[in-house]
Amino acid sequence: MGRVSRRAFAVAALSAFTMMPPASAAPGHRGGAPASQMRGVWLATVANRDWPSKPGLTASQQRSELLTHLDTAVRNRLNTVFFQVRPAADALWPSPYEPWSQYLTGTQGKDPGWDPLGTAVEEAHARGLHLHAWFNPYRVAAHTDPTRLAASHPARKNPEWVVAYGGKLYYNPGLPEVRAFVQDAMLDAVAKYPVDGVHFDDYFYPYPVAGESFDDDAAHDEYGSGFPDRAAWRRDNIDRLVRETAARIKEVRPGARFGISPFGVWRNAATDPLGSDTRAGVQTYDDLHADTRRWVRESWIDYIVPQLYWNIGFAAADYAKLVPWWAEVARGTSTQLYVGEALYKAGAPAQPAAWQDPAELSRHLTLAAEHAQVRGHVFFAARDLAADRIGAMARVVADHYGQPANPPR
């Protein structure tokens, strides 16, 4: 793959800044005080995706890496970090409910000797960044052996809560006691730390695995009466999680905003006339039992960040068709719409030609700016922000982030 030096891109970016339009003309900015616009980045910890770079670093090394990610966000004129603090039924803070994450020390339950979430909130705020605590509600482990979990793990103490599926362990969303527990575990962090937001990713019921079924027969037999089919019952379970979590956040930390980042296709139009003009192989409504459109239309959540991880013109799921679809969904609601952007694809060798063009992501922001409902963007993810393989993020900053922007409230 041909590569252009990062120095060359830095020079190009600096040149572009000298030609930026005045504040009143900059995209997303209307002059006067800095605009309110989401400019976010996800900081993933599951499997050490972004941070820490590997398990077992010293507390000082971990802290240094974390602060570098925050500084990188500031340097790129971002204003919000979505920090994954519960990647797999574990914790990146001293939790009375769940063990310390193995991604810190290499051993689940081992105290890392410091408080990553507490530090992240304090240091983000010191830099003028908002910090949203990112939780995965139901994932327990990337394997199916409960004996590999810490002895104190709730999944070992309550094996009836757990379903093995697709080579992984999950909490069963159909059990009311599970729904109450995961809320308690997550809200412990929200109560303890002045986080600016609470964030869920795209995992509810697990993504489908060919030839396997998610074994929730017993839970469905006990709680599924009154629903037309199992899928409707499953959607109700996730709806309850969303509504209950939203209500509890308002009680525990009224100023914190609650948002979700789902897979980008609710339903294809061929499945439902209300759906998008897409031919996606996964539909959140049908496959993950997450009625993401309803959450927006009924204003159950403060913001939504659909993962529109496809290039403009991609046949099965065209970014240029999905942005207006989501903008129409958000129209007239109190749910703010931000767009999840696939920075990780920019310059990745396995990606098609569109993603080898440093201007692809910048074109995304230009297109989205045509829709008033789009209030910003969030980039996946921090490691890619730091690397910026082909200068795609430098191009975004030069073209769109010439002026500062306040985080939405």
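Structure: above.
Per-chain numbering applies: the sequence of each chain, read as written, is numbered from 1 onward. Under the rules for a predicted model, residues below a pLDDT of 70 receive no local features and side-chain atom pairs below 80 are neither given nor counted, while totals for whole chains, interfaces and linings still include all residues. Hydrogens and waters are ignored; side-chain quantities use all the structure's heavy atoms.

### A short note on the overall build of the protein chain
Going along the chain from the N terminus, every DSSP run of H or I of four or more residues is numbered as a helix, and every run of E of two or more is numbered as a strand. Counting secondary structure elements, the protein chain contains 14 helices and 13 strands. We take the radius of gyration over the C-alpha atoms and set the globule estimate at 2.2 Å times the residue count to the 0.38 power. A globule of 409 residues ought to have a C-alpha radius of gyration of about 22 Å, and the protein chain, at 21 Å, matches this closely. Evaluated residue by residue, the protein chain yields a buried proportion of 58% over its 409 residues. Methods summary: accessible areas were calculated by the Shrake-Rupley approach with a probe of 1.4 Å, and residue burial reflects only the protein chains presented. When the accessible surface of the protein chain is totalled, it reaches about 16,300 Å², and 51% of it is carbon and sulfur. Neither His nor the chain ends contribute to the count of charged residues, in which Lys and Arg are positive and Asp and Glu negative. Charged groups are reduced to one reference atom each: NZ for lysine, CZ for arginine, CG for aspartic acid, CD for glutamic acid. The average position of the 43 basic charges and that of the 44 acidic charges among the side chains of the protein chain differ by 6 Å. Whether a residue is buried, partly exposed or exposed follows from its accessible area with a 1.4 Å probe, protein chains only, as a fraction of its type maximum: under 20%, in between, or over 50%, in that order.

### Things to note about the packing of aromatic side chains
For any pair of aromatic rings, the description consists of the separation of the ring centres together with the inter-plane angle of the planes. For Phe, Tyr and Trp, rings pair up if their centres lie within 6.5 Å, where Trp contributes its six-membered ring, and each pair is then called stacked (planes under 30 degrees apart), edge-to-face (over 60) or tilted (otherwise). One pass over the structure, following the stated rule, counts 24 aromatic pairs. Seen from their ring centres, Trp93 and Phe135 are 6.2 Å apart, and the 90° between their planes marks the pair as edge-to-face. Within this pair, whereas Trp93 is found in the loop between strand S3 (80-86) and helix H3 (102-105), its partner Phe135 is found in strand S4 (residues 130-135), the two being separated by 42 residues in sequence. Take Trp93 and Phe135: they sit in the same class, and that class is buried. An aromatic cluster is built from Trp42, Phe82, Tyr303, Tyr309, Tyr338, Tyr344 and Phe380, whose rings are joined through pairwise contacts.

### Examining a negative patch on the surface
Within this analysis, patches are made of residues with over 30% relative accessible area and no salt bridge. Like charges are joined at 9 Å or less; nonpolar side chains (Val, Leu, Ile, Met, Phe, Trp, Tyr) at 5 Å or less. Salt bridges are identified by distance alone: a Lys or Arg side-chain nitrogen within 4 Å of an Asp or Glu carboxyl oxygen. On the surface, a cluster of negative charge is made up of Glu160, Glu177, Asp221 and Glu222. Checked against the element boundaries, Asp221 lands in helix H7 (residues 217-223). With relative accessibility at 64%, the residue Asp221 sits in the exposed group.

### Some details on helix H4 (residues 116-126)
Counting buried residues in H4 gives eight out of 11 residues, a clear majority hidden from the surface. For H4, the set of buried residues is Pro116, Leu117, Gly118, Thr119, Ala120, Val121, Glu123 and Ala124. The contact definition used throughout considers only heavy atoms, calling two residues in contact when any of these lie within 4.5 Å. Tucked into the core, H4 has its buried residues touching helix H2 (59-75), S3, H3, S4 and helix H6 (176-192). Structurally, the start of H4 carries an N-cap: the backbone nitrogen of Leu117 is 3.3 Å from a side-chain oxygen of Asp115. In the analysis that follows, any N or O atom pair within 3.5 Å is treated as a polar contact, provided that within protein one partner can donate a hydrogen and the other can accept it, and provided that, for residues neighboring in sequence, both atoms belong to side chains.

### So, the packing of helix H12 (residues 360-368) against helix H14 (residues 392-400)
Between H12 and H14, the least distance of the axes is 7 Å, while the angle of their chain directions is 35°. Relative to H14, H12 is oriented so that their crossing is right-handed. Two secondary-structure elements touch here, H12 through Leu361, Ser362, Leu365 and Thr366 and H14 through Ala392, Arg395, Val396, Asp399 and His400. Residues were grouped as follows: Ala, Val, Leu, Ile, Met, Phe, Trp, Tyr, Cys and Pro as nonpolar; Asp, Glu, Lys and Arg as charged; and all remaining residues, including Gly, as polar. Classifying every residue of the contact of H12 with H14 by side-chain character gives four nonpolar, three polar and two charged. Each axis is a line fitted through C-alpha atoms, taken for helices only over the stretch in contact, and angles between the N-to-C directions span 0 to 180 degrees. Crossing chirality is assigned from the near helix's rotation relative to the far helix, an anticlockwise turn below a right angle marking it left-handed and a clockwise turn marking it right-handed.

### Things to note about the pattern of salt bridges
In total, this model carries 23 salt bridges according to the counting rule given. Taking the shortest distance from any N to any O, the salt bridge between Asp188 and Lys192 comes out at 3.1 Å. With a gap of four residues between them, Asp188 and Lys192 both fall in helix H6, about one helical turn apart. Its relative accessible area of 43% is what places Lys192 among the partly exposed residues. The partner of Arg363 in a salt bridge is Asp357, and the shortest N-O contact between them spans 2.7 Å. Using a relative accessible area of 36% as the deciding quantity, one classes Arg363 as partly exposed. Note on Asp357: relative accessible area 29%, which makes it partly exposed. Counted as one network, the salt bridges with shared partners bring together Arg49, Asp50, Asp384 and Arg389.

### Examining the side chain of Asp384
Tracing the backbone shows Asp384 in helix H13 (residues 382-387). At 2.7 Å, the side chain of Asp384 and the side chain of Arg49 are in polar contact. Apart from the residues within four sequence positions on either side, Asp384 is in contact with Arg49, Leu343, Tyr344 and Arg389.

### Some thoughts on the sheet that holds strand S5 (residues 139-141)
Read across the open sheet, the three strands follow the order S5-S7-S6; overall the sheet is antiparallel. Because the sheet does not close on itself, it has two edges, and the strands there are S5 and strand S6 (162-165). Across this sheet, the average inter-strand angle for adjacent strands is 35°, counted without regard to direction. Paired strands, as defined in this entry, are two strands with at least two bridges between them according to DSSP. Note: S5 against strand S7 (residues 168-171), two bridges, orientation antiparallel. Bridge pairing in S7 links Arg139 to Tyr170.

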